[in-house]
Amino acid sequence: MSSPPRKITRRQDIRFKQSLLRFTVAFSAVFFLGLVSQFFIQRIPLKQKILESLEISEKYSLSMGPVEPRLRSSFLPVFGIALERVEIFEKDCPNRKVTAQNLLVTLNARDLLAGKLRIGRLKIPFLEVSAPRVCASTVASEDSDEPVPSSPLTKKNRLPKIKVAEKVSSFDLQQVFNQVDQWLKSRPVASIDVSQFIFTDIQSLKSHNRIKGRLYGSLGEQVSLKADVTDLSIGANELQGLDGHIRIESTPEGLSVLSQVSVREGQVDANLNISRRPDHQTDLKIKMEKLPLSALSEILKQPGGVSYLWASCQVEVSSPWQSLMTTGFQVEECKVDGPYGNISVQSLQGTLSELKNLQLNFQNLVLDKIIQNKRGLYFSGVLANYGVLSGEVKYSEGHFATRGVVRDSELIFSNNNLRDIQKVKKLPFQFSGRSNKWQIELQGIELDGGEFDGRLDVEFSPASRRAQGRVSFHRLRLNPRIYELMLQSKPADVKLYGKFEATRQGVNQWSAVIATPSLESDLYSLKRLKVKGQGGKSRLAKLKISVDQGSVASEAPLVSWLEPTHLHQDWKATGLNFRELSMTVEVLPNRRLFWRRGYVALKNGWQLSSEGLRDSERNLQAWLQWDRPDKKFLKWQFRGPLFSGQWSPETPWVKQWLDSHQEFLKDNSSISYSALPGESMANKINEARKKAIERLKSVWKKPTIEKDAP
């Protein structure tokens with residue numbers, strides 16, 4: 001059963017009417033103020049006011065989208081402006097700009113009615129800053145893939161190189177404090193909130209630095225700003241696993257900057273405090289724990305993909321601002337460790353602007369595990385295994401010295417799609433110098449299954465990126481498998497002497513001499529073999545090969561290949577025995593070879609001469625000539641792949657001889673030529689012989705003998 005309606009008392013009725021009256025008055029006031037504010041807002045030159053407020057009207061231009069007034073009622077009316085899009089860009093560089101979308105700006109009502117523009121709160125859902133290093137005269141369209149045209153940097157518009165210490169000493173910190181305080185007091189902003197900001201430092205169309213995150217805080221007599229970083233791209237590489245924030249606070253006591261960034265499994269904390277006192281006492285502390293070096297290699301744009309090493313270090317410095325860069329710092333627990341080796345700092349002395357003394361040790365660095373991707377690195381196609389590195393680095397007053405040893409590295413040797421490995425058990429090295437010149441020495445190398453006695457000296461200039469080196473290998477013997485693979489020979493002692501000059505683009509010039517007292521095989525024997533070579537980037541490589549004496553067995557493919565050209569087989573049983581060999585070889589582009597002045601002086605008096613060319617497809621076009629002791633010669637031409645091409649005679653009497661010896665052609669299918677027309681050479685030879693005999697008979701008749709008269 002429902003209760004009867006309750007009577008409204010007179011007092012309650014009066015309260016209701018009073019509330020209704022207050023609401024009506026408040027609503028009318030807010031509505032009236034909204035109309036008035038909209039009237040004044042539409043008459044305020046926003047574009048001009050914003051540029052005047054920024055004090056950049058002469059250099060920058062402003063582009064604005066639709067503007068809508070906003071009115072929000074709270075205890076006191078709050079007025080605002082909503083802008084769909086605002087873009088500020090340089091007049092001389094349109095692609096250097098700041099773009100904001102869906103801005104909400106709350107304004108002070110009293111200043112607004114007086115025609116002044118003062119920001120109470122600024123809310124920006126999206127803010128993008130584009131800062132190209134080289135300005136473009138025109139801006140490429142968003143749908144175009146064409147690069148933005150740019151003007152090259154010249155000596156006139158390049159920024160001067162100033163050392164960090166000089167920047168700090170010439171930086172008037174008190175003046176900066178005064179300017180910031182004055183700016184904040186004249187343009188107060190109660191709070192700022194940028195939900196998403198993107199800062200892009202454009203280097204080229206495909207390479208740029210980018211930071212994404214969120215910015216919020218308050219401004220005024222005391223400043224408190226915080227930026228959350230969610231994404232970082234360095235060059236063409238995007239740094240994964242990044243999360244951190246930067247907080248800036250300005251109080252009457254001083255300025256404080258706190259940064260905490262997590263990079264994958266590591267973290268970097270930096271804390272900077274600057275006092276407002278006259279000496280501006282500055283305290284800086286940087287702490288790094290388990291920072292992966294792979295992240296540093298991405299930031300520094302170094303190839304190789306360094307992995308499996310983590311850095312931990314802590315640095316503190318405290319001094320007045322003016323002497324901050326020249327004050328010595330304190331280092332605690334600085335090391336790099338991981339499952340594949342470690343690096344520890346034994347001593348470290350210096351300032352933020354200059355390193356004075358350093359000593360560090362590195363132990364058992366497994367280079368192949370640390371450098372997973374070896375493409376693009378020096379000797380990446382020569383070394384199958386970089387090995388394990390141990391040693392120490394010392395630096396003092398501009399001079400550095402590194403001593404170490406690489407163990408268990410592996411060299412690659414390949415021939416005809418077959419490969420083998422030469423293991424280097426120990427590779428000691430010394431690396432020393434100054435910033436303008438480095439020196440590298442290799443000595444005391446130990447080979448697995450081989451021997452080494454010699455050294456390598458290299459001087460390198462970082463300024464010109466030019467290296468000069470000398471090679472002095474007094475005795476080098478590799479393991480037997482390498483000789484079998486590369487030369488099909490037995491092990492031999494080799495001497496190597498040479499020098500070279502190289503830049504980052506390649507070897508400019510080189511010269512070398514390789515010699516061995518004997519090179520033996522089941523198929524050949526070479527005594528006192530010497531190879532002299534020279535070449536470089538701007539000229540062809542030229543080799544001169546000489547052998548004092550030697551032999552080639554009859555079973556060798558070379559003997560079978562040359563057999564048809566000699567026409568007689570009396571020498572084949574013993575092979576080729578020679579007392580001298582000489583040849584000049586030039587290496588042409590696209591793996592082509594040209595040899596000239598090649599000759600072999602056989603011990604039986606014959607001499608073999610040859611010149612020719614091998615093209616990029618390994619086909620030969622060669623000329624060969626046999627010279628007999630009786631001054632008679634046999635000249636041939638060869639075309640096609642080695643050991644399977646065709647011989648063609650060029651000497652007329654050889655063609656005549658082949659015409660009359662068809663059985664020789666049947667046994668040697670590698671000979672191809674056009675037979676002589678008419679009678680066979682045998683008949684011609686017989687007729688010529690008969691005529692010669694008859695002529696001799698007619699000339700040389702027996703004389704008649706007359707008897708004496710009685």
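Residues numbered from 1 in each chain as written. Predicted model: local features only at pLDDT ≥ 70, side-chain atom pairs only at ≥ 80, totals over all residues. Heavy atoms only, no water.

## Some points on the overall build of the protein chain
Reasoning step 1: A tally of helices and strands in the protein chain yields twelve helices and 35 strands.
Reasoning step 2: With 710 residues in all, the protein chain has 31% of them scored as buried.
Reasoning step 3: For the protein chain, the proportion of contacts with a sequence separation of at least 24, taken over those separated by at least 6, is 43%.
Reasoning step 4: Total accessible area on the protein chain is roughly 45,100 Å²; 54% of this is exposed by carbon and sulfur atoms. (Helix = DSSP H or I, 4+ residues; strand = E, 2+ residues; numbered from the N terminus. Buried < 20%, exposed > 50% of the residue type's maximum accessible area, 1.4 Å probe, protein only. Contact = heavy atoms within 4.5 Å. Areas by Shrake-Rupley, 256 points an atom, 1.4 Å probe, with all protein chains shown as cover.)

## Structural notes on the side chain of Ser 521
Reasoning step 1: Following the sequence through the fold, Ser 521 ends up in the loop between β27 (506–520) and β28 (524–536).
Reasoning step 2: At 2.7 Å, the side chain of Ser 521 forms a polar contact with the backbone oxygen of Gln 488.
Reasoning step 3: If we skip the residues at most four places from it in the chain, Ser 521 touches Gln 488 and Ser 489. (Polar contact = N/O pair within 3.5 Å; in protein donor to acceptor, adjacent residues only side chain to side chain.)

## Digging into the pattern of salt bridges
Reasoning step 1: Using the criterion set out here, one finds 20 salt bridges in the structure.
Reasoning step 2: For Lys 285, the salt bridge identified is with Glu 316, shortest N-O distance 3.9 Å. Pair noted here: Lys 285 is in strand β13 (residues 281–292) and Glu 316 is in strand β14 (residues 310–320), with a separation of 31 residues, a long-range link.
Reasoning step 3: A residue is classified by how much of its surface remains accessible, and Lys 285, at 38% relative accessible area, is partly exposed.
Reasoning step 4: Judged by relative accessible area, Glu 316 falls into the partly exposed class, the value being 27%.
Reasoning step 5: With a closest N to O distance of 2.9 Å, Arg 455 and Asp 457 form a salt bridge.
Reasoning step 6: Among the residues examined, Arg 455 registers a relative accessible area of 28% and is labelled partly exposed. (Salt bridge = Lys/Arg side-chain N within 4 Å of Asp/Glu carboxyl O.)

## Considering the state of the cysteines
Structurally, a disulfide amounts to a covalent bond that connects the sulfur atoms of two cysteines.
Reasoning step 1: Under the defined criterion, the tally for this structure stands at one disulfide.
Reasoning step 2: The partner cysteine of Cys 313 in its disulfide is Cys 334, sulfur to sulfur 2.2 Å. Sign of the S-S torsion, about -105° for the bond between Cys 313 and Cys 334, identifies this disulfide as left-handed. Of this pair, Cys 313 sits in strand β14 while Cys 334 sits in strand β15 (residues 330–338), placing them 21 residues apart in sequence.
Reasoning step 3: Taking relative accessible area as the criterion, Cys 313 reaches 12% and is therefore assigned buried.
Reasoning step 4: Here Cys 334 falls in the partly exposed class, since its relative accessible area comes to 21%. (Disulfide = S-S within 2.5 Å.)

## With respect to helix α10 (residues 652–659)
Reasoning step 1: Burial in α10 covers these residues: Val 654, Leu 658 and Asp 659. Within α10, the buried residues cover an arc of 145° as seen down the axis, which keeps them to one side. (Arc of directions from axis to C-beta.)

## What to know about the nonpolar core
One broad rule of soluble globular proteins: the nonpolar side chains tend to lie buried together.
Reasoning step 1: With 45 residues, the main nonpolar core has Phe 578, Trp 626, Trp 636, Trp 647 and Leu 658 as its most contacted residues.
Reasoning step 2: Every residue in contact with Trp 647, bar those within four places of it in the chain, is listed here: Trp 561, Leu 562, Thr 565, Leu 624, Trp 636, Gln 637, Phe 638, Ser 670, Ile 671 and Ser 672.
Reasoning step 3: The next biggest cluster of nonpolar side chains, apart from the first, holds 18 residues, and it includes Leu 293, Leu 367, Leu 383 and Phe 429. (Core = buried A, V, L, I, M, F, W, Y, C linked by side-chain atoms within 4.5 Å.)

## A word on the pairing of β14
Reasoning step 1: Of the pairings in the sheet, the one linking β13 to β14 comprises ten bridges and is antiparallel in character. By the bridge assignment for β14, Lys 287 is matched with Gln 314.
Reasoning step 2: In terms of strand pairing, β14 meets β15 through six bridges, oriented antiparallel. Bridging from a neighbouring strand, Gln 314 pairs with Glu 332 of β15. (Pairing = 2+ DSSP bridges.)

## Points about a positive patch on the surface
Reasoning step 1: The grouping of Lys 530, Lys 532, Arg 539, Lys 542, Lys 544 and Arg 597 at the surface amounts to a positive patch.
Reasoning step 2: Elements that contribute at least two residues to the positive patch include exactly β28 and β29 (541–552).
Reasoning step 3: Structurally, Arg 597 is set in strand β31 (residues 592–602). (Patch = residues over 30% accessible without salt bridge, like charges linked within 9 Å, V, L, I, M, F, W, Y side chains within 5 Å. Lys, Arg positive; Asp, Glu negative; His and termini not counted. Charge placed at Lys NZ, Arg CZ, Asp CG, Glu CD.)

## Here's the deal with the environment of Gly 213
Reasoning step 1: Take Gly 213: it is sitting in strand β7 (residues 208–218).
Reasoning step 2: Of the residues examined, Gly 213 reaches a relative accessible area of 6% and is grouped as buried.
Reasoning step 3: In sequence terms Gly 213 and Thr 230 are 17 residues apart; their C-alpha atoms lie 5.0 Å from each other.

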